[in-house]
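Structural features, examined
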Amino acid sequence: MKQVIHARCTMCGHTVEAAPETTVCPVCGGILDIEYDYEYIRSTLSKYELLDRTERSMWRYMEFLPVEGIGRTPRLRVGCSPLYKAEKLSQEIGFKGTLYIKDDGLNPTASLKDRASAMAVVKAEEAGKTTIACSSTGNAASSLAGNAAAAGMKTFIFVPARAPKGKVAQLMMFGAKVILVDGSYEDTFRLSAEAIDHYHWYNRNAAINPYLMEGKKTVSLEIAEQLLFKVPDYVALSVGDGCTIAGVWKGFKDLYGAGYIDRLPRLISVQASGCCPINTAASAHTMEWVPQEENTLADSIAVGVPRNPVKALRAIEESDGITVNVSDEEILDAMRLLGRTQGVFAEPAGATGTAGLKKAVETGIIEKDASVVSIVTGNGLKDVANAIKAAGEPLMLPPDMAKLRAALGD
Ligand SMILES: *Cc1c(COP(=O)(O)O)cnc(C)c1O
Ligand SMILES: [Zn+2]
């Protein structure tokens, strides 16, 4: 892997060889970051050659990824999700700039997490493992179960008992061994860590495994390519553990390092007001985050003890980012807005970035003529209960034309 130089510890700076199973710093236990040889990448692939590629998945960015190849094992088609210009949504929120919606809910298991799980499966194979495990608020689990099923691998999945039914149904359908933990996400994470240690499964816990962020960063490589390498002023997205926002930042930084883009976007980190430990620390410009309760219906970002606060806080700080907290009402409102104006169906955490963008526009935090990409991170079919909560129940009538005409005021 000539493109990868080594893995560097985010805490002490120690560097180690980037082996598939090297997931934390051998010196201090800190989270690692994969570093690339940008000169090498630039010399093997130009952005014009990239634009001509026919591979329609996240693996079209192979030169920017920590893998030699993806072997011959069957893979799901992850990535290459659409980027929509959202003119109607802009109009409704009084935004005069250019807004794009990146609908990552259209990945095979319906969330951005597929990008990380596809990477996890390849790295697990490289490490010679046949079983992968993770703990998750839901989407990391369903995406791992799906991507592993396609590759013929076994999965052990730990999810908190509150996980929405749609996500649990996906797990069962993909044949995962599912452990519903009667406790918080924090409790779930702890139990999975002990079990992974005990059984030597491959660890897909995002904060620990640096390769997952490398998978997630492909969303930024795509955004940049879809905009023909014209970088937006802002990228808005929801934040839970912090791995996604760190991945988004890493993607843009790698492109910048390789000379594909000439500037970096500012990140808009959006959390639920009922659970916003990362934004609380980021807005105070400190790394000293404090655990919070998990009070939001956006289950995917109900993370009171974030697992990747260091990378997330650095990403927000380095990008001169903005933090926005939104209420559950504002999240439900953004779900309706995305559906009604764009035909995009988002789960609560999937619409949270858009909720934050709307608030940032309304409160004048961002310029009205800016260019923004809002990432929808997960599909609404995963959490039908909250979708109905947002959108309401339909009209119900007997099969009678007269009654229909009456109901329609005809
Ligand atoms: C996981 C997830 C997030 C947040 O990602 P983190 O890495 O936990 O910050 C946001 N939206 C959806 C739909 C998710 O599944
Ligand atoms: Zn270290």
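A brief structural summary. (Residues numbered from 1 in each chain as written. Chains lettered and ligands numbered in written order. Predicted model: local features only at pLDDT ≥ 70, side-chain atom pairs only at ≥ 80, totals over all residues. Heavy atoms only, no water.)

For the zinc ion (ligand 2), the protein coordination sphere consists of Cys9 (SG), Cys12 (SG), Cys25 (SG) and Cys28 (SG), at 2.3 Å. On the primary sequence, the residues serving as donors to the zinc ion (ligand 2) are separated as C-x2-C-x12-C-x2-C. Of this pair, Cys9 sits in strand β1 (residues 4-9) while Cys25 is found in the loop between β2 (15-16) and β3 (32-36), placing the two residues 16 residues apart along the sequence. Among the residues examined, Cys9 registers a relative accessible area of 4% and is labelled buried. Here Cys25 falls in the buried class, since its relative accessible area comes to 3%. (Donors = N, O, S within 2.8 Å, 3.2 Å for Na, K, Ca; no water. Helix = DSSP H or I, 4+ residues; strand = E, 2+ residues; numbered from the N terminus. Buried < 20%, exposed > 50% of the residue type's maximum accessible area, 1.4 Å probe, protein only.)

Looking now at the nonpolar core. If you look at the biggest cluster of nonpolar residues, it comprises 73 residues, and the most contacted ones within it are Trp59 and Ile375. When neighbours within four sequence positions are excluded, Ile375 is seen to be in contact with Lys102, Leu112, Val219, Ile223, Val235, Ala236, Leu237, Val248 and Gly350. In this structure, Tyr234, Ile301, Leu338 and Ala355 belong to the second largest nonpolar core, which totals 37 residues. (Core = buried A, V, L, I, M, F, W, Y, C linked by side-chain atoms within 4.5 Å. Contact = heavy atoms within 4.5 Å.)

A surface patch of nonpolar side chains, amounting to about 500 Å² of accessible area, comprises Leu395, Leu397, Met401, Leu404 and Leu408. Residue placement: Leu395 occurs in the loop between α15 (384-391) and α16 (401-407). (Patch = residues over 30% accessible without salt bridge, like charges linked within 9 Å, V, L, I, M, F, W, Y side chains within 5 Å. Areas by Shrake-Rupley, 256 points an atom, 1.4 Å probe, with all protein chains shown as cover. Salt bridge = Lys/Arg side-chain N within 4 Å of Asp/Glu carboxyl O.)

The strand order β2-β1-β3 describes an open sheet built from 3 strands, whose pairing is antiparallel. Only two strands of the sheet have a single partner each, and these edge strands are β2 and β3. Inspection of the sheet shows β1 paired to β3 by 5 bridges, in the antiparallel sense. Considered in β3, the bridge of His6 is made with Glu35. (Pairing = 2+ DSSP bridges.)

This next bit is on the sheet that holds strand β5 (residues 98-103). Remark on secondary structure: sheet strands pair via backbone hydrogen bonds, oriented parallel or antiparallel. The 6 strands are arranged β4-β5-β13-β10-β11-β12 in an open sheet whose pairing can be described as mixed. Of all strands in the sheet, those with a lone pairing partner are β4 (83-85) and β12 (322-326), marking the two edges. Within this sheet the neighbouring strands show an average axis-to-axis angle of 25°, counted without direction. In the packing of helix α14 (residues 348-362) onto the sheet, the strands contacted are β5, β10 (234-238), β11 (266-272), β12 and β13 (371-376), and the crossing angle to β12 comes to about 110°. (Axes fitted to C-alpha atoms, helices over the stretch in contact; angles between N-to-C directions.)

This paragraph deals with the layout of surface pockets. Put simply, the largest pocket is a space of about 260 Å³. Lining of the largest pocket is provided by 17 residues; of these, Asp33, Lys250, Lys253, Lys311 and Glu318 occupy positions nearest its centre. Going through the elements one at a time, β1, β3, α10 (243-257) and α12 (309-318) are the ones with two or more residues in the lining of the largest pocket. In terms of residue count, the dominant contributor to the lining of the largest pocket is α10 (5 residues). Residues that form the lining of the largest pocket fall into these classes: 7 nonpolar, 1 polar and 9 charged. In this structure, the second largest pocket occupies an estimated 190 Å³ of space. Lining of the second largest pocket is provided by Glu21, Thr23, Lys129, Ala193, Ile196, Asp197, His200, Trp201, Tyr202 and Asn203. At the level of elements, α7 (185-199) and β9 (202-203) are the ones that each hand at least two residues to the lining of the second largest pocket. (1 Å grid on protein atoms, 1.4 Å probe; cavity = no way out; pocket = protein on both sides within 12 Å on 5 of 7 lines; lining within 4 Å. Points joined across faces, edges and corners; volume = space filled by probe spheres on them. Nonpolar A, V, L, I, M, F, W, Y, C, P; charged D, E, K, R; others polar.)

Our next topic: unusual backbone geometry. If you check the backbone angles, Cys80 has positive phi at about 55° while not being a glycine. Looking at the secondary structure, you find Cys80 in the loop between α2 (47-51) and β4. Of the residues examined, Cys80 reaches a relative accessible area of 19% and is grouped as buried. Not every positive phi belongs to a glycine, and His200 is a case in point at roughly 60°. Following the sequence through the fold, His200 ends up in the loop between α7 and β9.

Locating Lys123 in the fold gives a position in helix α4 (residues 114-126). With a relative accessible area of 0%, Lys123 lands in the buried category. Setting aside chain neighbours within four positions, we find Lys123 in contact with Met1, Pro20, Pro66, Val67, Tyr202 and Tyr211.

So, on to the side chain of Gln342. Locating Gln342 in the fold gives a position in helix α13 (residues 328-342). In terms of polar contacts, Gln342 uses its side chain to reach the backbone amide nitrogen of Leu89, at 3.1 Å. Ignoring sequence-local partners within four residues, the contact set of Gln342 consists of Lys85, Ala86, Glu87, Lys88, Leu89 and Leu337. (Polar contact = N/O pair within 3.5 Å; in protein donor to acceptor, adjacent residues only side chain to side chain.)

Pairing between β1 and β2: 2 bridges, direction antiparallel. Paired with Arg8 across the strands is Thr15, a residue of β2. As consecutive antiparallel partners, β1 and β2 are separated by 5 residues, and within that stretch Gly13 has a phi angle of approximately 85°, a positive value.

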